Amino acid sequence: MEKREQLYEGKAKKVFKTDDEDILIVSYKDDATAFNGEKKGTISGKGVINNQMSNLIFKVFEKNGVPTHLVEELSPTDTAVKKVSIVPLEVIIRNVAAGSFSKRLGVPEGKEFKEPTIEFSYKNDELGDPLINAYFAVALELATWEEIETIKKYAFKVNEIAKKIYLDCGLKLIDFKIEFGRYHDQIILADEMSPDTCRLWDVKTNEKMDKDRFRRDLGGVEEAYEEVFSRIKKELGE
Ligand code: ADP
Ligand code: UDP
């Protein structure tokens with residue numbers, strides 16, 4: 001499978017057409033941004049890590065009943081995926097308070113929840129991805145109630161599966177963001193799941209092993225991504 005015309009260049013990935021109109025190629029970059037693009041940088045080796053990590057974990061989701069866009073890993077940075085129409089919602093699941101949740105609600109980072117939470121942000125860079133609820137999403141025709149129910153079901157399932165995998169790697173899954181898309185009227189998991197889109201804390205030391213190292217200038221960014229990848233590869237790699 002070969003890349004044809006570039007359709008889109010995002011903050012972390014490029015998206016290309018292929019000869020098959022149902023299939024795209026996503027190409028992961030080392031570019032990193034935070035705070036809605038205000039902070040920019042490079043995390044060397046990130047493209048390779050996020051591509052391969054995302055594919056390893058998406059395969060487990062598939063096996064456990066969550067349909068995904070994954071078709072085939074083509075190279076260390078490139079993957080063929082089913083072309084979806086993205087539901088313009090960032091779906092965020094949290095197991096432990098951190099980041100914007102802690103700020104908004106005055107809850108200290110690290111407080112474990114009795115139950116996981118779900119929230120939706122409207123994917124709109126100009127507006128800074130504002131927090132919305134399901135009624136807003138339906139009112140604005142971003143998704144139907146039926147789609148919202150499917151998204152909720154898959155998102156909590158992804159949480160249960162990913163939480164266990166990461167725990168087996170000595171990492172606590174604090175929170176994460178996923179995206180869904182429509183593929184021939186079916187809702188499937190799209191985009192990625194990687195240290196760019198998750199908060200992962202080392203079980204023993206509570207050290208942050210994710211993009212917060214970049215966001216908060218904590219240093220050791222590349223090393224943290226490498227460490228997470230090596231643990232996941234040991235756990236899930238063929
Ligand atoms: P952003 O758009 O936020 O800068 P990226 O750099 O990750 O993000 O760009 C990848 C883009 O591709 C995102 O807009 C994402 O919603 C979209 N995307 C991810 N998977 C698919 C897919 N299977 N089909 C179509 N679009 C996808
Ligand atoms: N997240 C993401 N992309 C976004 C916003 C959030 O991948 O555009 C992830 C983020 O890495 C974290 C989770 O979603 O794992 C919750 O993020 P939060 O709302 O706390 O936002 P932040 O602290 O990044 O402002």
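Note that this is a predicted model, so its numbers are computed, not measured.

The rules behind these values
Residues numbered from 1 in each chain as written. Chains lettered and ligands numbered in written order. Predicted model: local features only at pLDDT ≥ 70, side-chain atom pairs only at ≥ 80, totals over all residues. Heavy atoms only, no water. Near = heavy atom within 4 Å. Polar contact = N/O pair within 3.5 Å; in protein donor to acceptor, adjacent residues only side chain to side chain. Areas by Shrake-Rupley, 256 points an atom, 1.4 Å probe, with all protein chains shown as cover. Helix = DSSP H or I, 4+ residues; strand = E, 2+ residues; numbered from the N terminus. Nonpolar A, V, L, I, M, F, W, Y, C, P; charged D, E, K, R; others polar.

**Q** Let's hear about the site of ligand 1: which residues, and what values?
**A** Around ligand 1, the surrounding shell holds 17 residues, and the nearest of these are Y8, K11, A12, K13 and E179. For ligand 1, an oxygen atom lies 2.5 Å from a polar atom in the side chain of Y8. The side chain of K13 places a nitrogen or oxygen atom 2.6 Å from an oxygen atom of ligand 1. Coverage of ligand 1 by the protein chains reaches 88% of its 550 Å² of free accessible surface. Put simply, the parts of the chain that give the shell around ligand 1 at least two residues each are β2 (13-17) and β7 (78-82). Residue classes in the shell around ligand 1 are distributed as eight nonpolar, two polar and seven charged.

**Q** Please give an account of the site of ligand 2 that cites residues and values.
**A** Around ligand 2, the surrounding shell holds 15 residues, and the nearest of these are R94, S100, D175, R199 and R215. Between D175 and ligand 2, the recorded distance is 2.6 Å, taken from a side-chain N or O atom to an oxygen atom. In the model, an oxygen atom of ligand 2 is placed 2.8 Å from a nitrogen or oxygen of the R215 side chain. Against a free-state accessible area of 510 Å², the protein chains account for coverage of 77% of ligand 2. Looking at the shell around ligand 2, the elements with two or more residues in it are β9 (89-96), α2 (99-105), β12 (171-183) and β14 (198-202). Grouping the constituent residues of the shell around ligand 2 by class yields four nonpolar, three polar and eight charged.

Nothing here speaks to function; it is all geometry.
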